Amino acid sequence: MLSKELVAASTVPLVLSVLTQGESYGYELIQRVRELSGNRIEWTEGMLYPVLHWMEDEDLIEAEWREAETGRKRKYYRLRKEGRKALQDEKQQWMSVHETLAKLWNTYPSST
Amino acid sequence: MEHVSQFDLNAALRLWLERLGQSPQVKVENLKELESHVLDSVTQLQTKGLSSEESFLIATHRAGSPAQLEPEFAKVNRSPLNKIIHGLILVVFSVGCWLLWAILHLPNLMRPAPQGRPLPGFTQFMVGCGSYWAVPPLLAAGYCPYVWTRKHGGRSSWMGFFAATIAILFFLILPTLIAILLPMIDFMNQLVSK
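Residues numbered from 1 in each chain as written. Chains lettered and ligands numbered in written order. Predicted model: local features only at pLDDT ≥ 70, side-chain atom pairs only at ≥ 80, totals over all residues.

## A short note on the overall build of chain A
A count of helical and extended segments in chain A gives four helices and three strands. Going residue by residue from the N terminus, the α and β elements of chain A occur as α-β-α-α-β-β-α. The 112 residues of chain A split such that 24% are buried. In chain A, of all internal contacts separated by at least 6 residues, the share reaching a separation of at least 24 is 49%. (Helix = DSSP H or I, 4+ residues; strand = E, 2+ residues; numbered from the N terminus. Buried ≥ 20, exposed ≤ 12 C-beta atoms within 10 Å, placed from the backbone. Contact = placed C-beta atoms within 7 Å.)

## Focus on the pairing of strand E2 (residues 61-67) of chain A
Residues and elements named next belong to chain A. Relative to strand E3 (residues 73-79), E2 is paired through seven bridges, and the arrangement is antiparallel. Residue pairing for E3: Glu62 is matched across the bridge by Arg78. As consecutive antiparallel partners, E2 and E3 are separated by five residues, and within that stretch Gly71 has a phi angle of approximately 95°, a positive value. (Pairing = 2+ DSSP bridges.)

## Regarding the sheet that holds E3 of chain A
Residue and element names in this part refer to chain A. With antiparallel pairing, three strands are arranged side by side in an open sheet as E1-E3-E2. Strand pairing shows two members of the sheet lacking a second neighbour, strand E1 (24-25) and E2, which therefore form its edges. Bridging between E1 and E3 involves two bridges; their strand directions are antiparallel. The residue of E3 that forms the bridge with Ser24 is Tyr77. Helix H1 (residues 4-19) contacts E1, E2 and E3 of the sheet and is inclined by roughly 95° relative to E3. (Axes fitted to C-alpha atoms, helices over the stretch in contact; angles between N-to-C directions.)

## Examining the environment of Leu52 of chain A
Residues and elements named next belong to chain A. Following the sequence through the fold, Leu52 ends up in helix H3 (residues 48-57). Once the C-alpha coordinates of Leu52 and Ala63 are considered, the two residues, 11 residues apart in sequence, prove to be 9.2 Å apart. Sequence-distant contacts of Leu52, defined by excluding residues within four places in its chain, comprise Val15, Gly26 and Tyr77.

## Re the packing of H3 of chain A against helix H5 (residues 66-76) of chain B
At their nearest, the axes of H3 of chain A and H5 of chain B sit 9 Å apart, and the two run at 5° to each other. By the angle between their directions, the pair H3 of chain A and H5 of chain B is classed as roughly parallel. Residue-level contacts link Pro50, His53, Trp54 and Asp57 of chain A of H3 of chain A to Glu72, Phe73, Lys75 and Val76 of chain B of H5 of chain B. Within the contact of H3 of chain A with H5 of chain B, the residues separate by chemical class into four nonpolar, one polar and three charged. (Parallel < 35°, antiparallel > 145°, perpendicular 65-115°, else oblique. Nonpolar A, V, L, I, M, F, W, Y, C, P; charged D, E, K, R; others polar.)

## Quick word on the packing of helix H2 (residues 26-36) of chain A against H3 of chain A
All names here are of chain A. The N-to-C vectors of H2 and H3 enclose an angle of 110°; their axes lie 11 Å apart at closest approach. By the angle class used here, H2 and H3 are roughly perpendicular. On the side of H2, the interface is formed by Gly26, Leu29 and Ile30, while H3 contributes Leu48, Tyr49 and Leu52.

## A look at the nonpolar core
Counting 32 residues, the largest nonpolar core has Val15 and Leu16 of chain A as its most contacted members. Ranked by residues supplied to this core, first place goes to H1 of chain A with five residues. Among all residues touching Leu16 of chain A, those that are not within four sequence positions of it are Leu60, Leu79, Gly83, Ala86, Leu87 and Glu90 of chain A. Among the nonpolar cores identified, the runner-up in size contains seven residues, and Ile89, Leu104, Met126 and Ala179 of chain B belong to it. (Core = buried A, V, L, I, M, F, W, Y, C linked by C-beta atoms within 7 Å.)

## Here's the deal with unusual backbone geometry
Across residues other than glycine, the phi torsion is negative in most instances, and most of the peptide bonds are trans. Residue and element names in this part refer to chain A. Despite not being glycine, Asn39 shows a phi value in the positive range, around 65°. Turning to its location among the elements, Asn39 is positioned in the loop between H2 and H3. C-beta crowding within 10 Å serves as the criterion here: with 10 such atoms nearby, Asn39 is assigned to the exposed category. Although it is not a glycine, Asp59 adopts a positive phi angle of roughly 65°. Of note, Asp59 is situated in the loop between H3 and E2.

## Re the interface of chain A and chain B
Contacts between the two partners involve 17 residues from chain A and, on the opposite side, 19 residues from chain B. Every element with two or more residues in the side of chain A that touches chain B is listed here: H2, H3 and E3 of chain A. Taken together, the residues that form the side of chain A that touches chain B break down as five nonpolar, four polar and eight charged.

## Examining H5 of chain B
Of the positions making up H5 of chain B, those classed as buried are Leu69, Glu72, Phe73 and Val76 of chain B. In a view along the axis of H5 of chain B, the buried residues occupy a sector of 100°, so they form one face of it. For H5 of chain B, the secondary structure elements touched by its buried residues are H3 of chain A together with helix H2 (9-21) and helix H3 (28-46) of chain B. (Arc of directions from axis to C-beta.)

Below, the structure is given as structure tokens:
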């Protein structure tokens, strides 16, 4: 399980990255990240929404309320141009950390 | 099983949302989104064979307690207090500048008869600059629309604005006091010499 600090720091790049695959809503975003991380990234689910709203305020993403096939209303989030640019910056920063640690450990960080 | 059938999911969800909604920091839209989230989560858990009650308890536990969620929503749902305080500071600052401008007209009232001595040079200069006293409030007013319209309004920036306006007022008060004291001293000297 990842530390709270690392989970918090990775939330924005994770959301941006998932949204590059298409629009999504809160619950689906959480499920997708949980599945991709092999249950190692566990968000306190409700706490994702303030982050999504902050990202909306920053124009990184945009949102729209729509009725789902179940008849339930959901807020769908989409990536904006500014979000794609922010993701490029995030990628560079995370890759820098990754490469530095890989050099220090003389290997690529393994998942075990 | 009898216990399970007595559980009212909608009532339990409404109660959970009501508790969360008691905080002014959580907006109605936030509650609607959390409601949708919990219902999605309950539906998913029920497909795994859990009862509505069990699913609801797990879903709300995963969503987080009001104590966990409120501070997070508070960060993004700031009240308009910061903007209102900026407006109040702007009003006080403008009134302060206007008062200083009005005070600068006092030396003219103390001006002796036309044949008397003219006002000291510094006082004349300050009186001449009187119309420029409108510039600081205009600059401050120009900054306020930025605060009111900026996208990320979560920051509380009124302290900096307050400090800046007080500092400007202080630097305006100082020369104004000197400018009105000089003709007063001059006037007293005239009286003594007579």
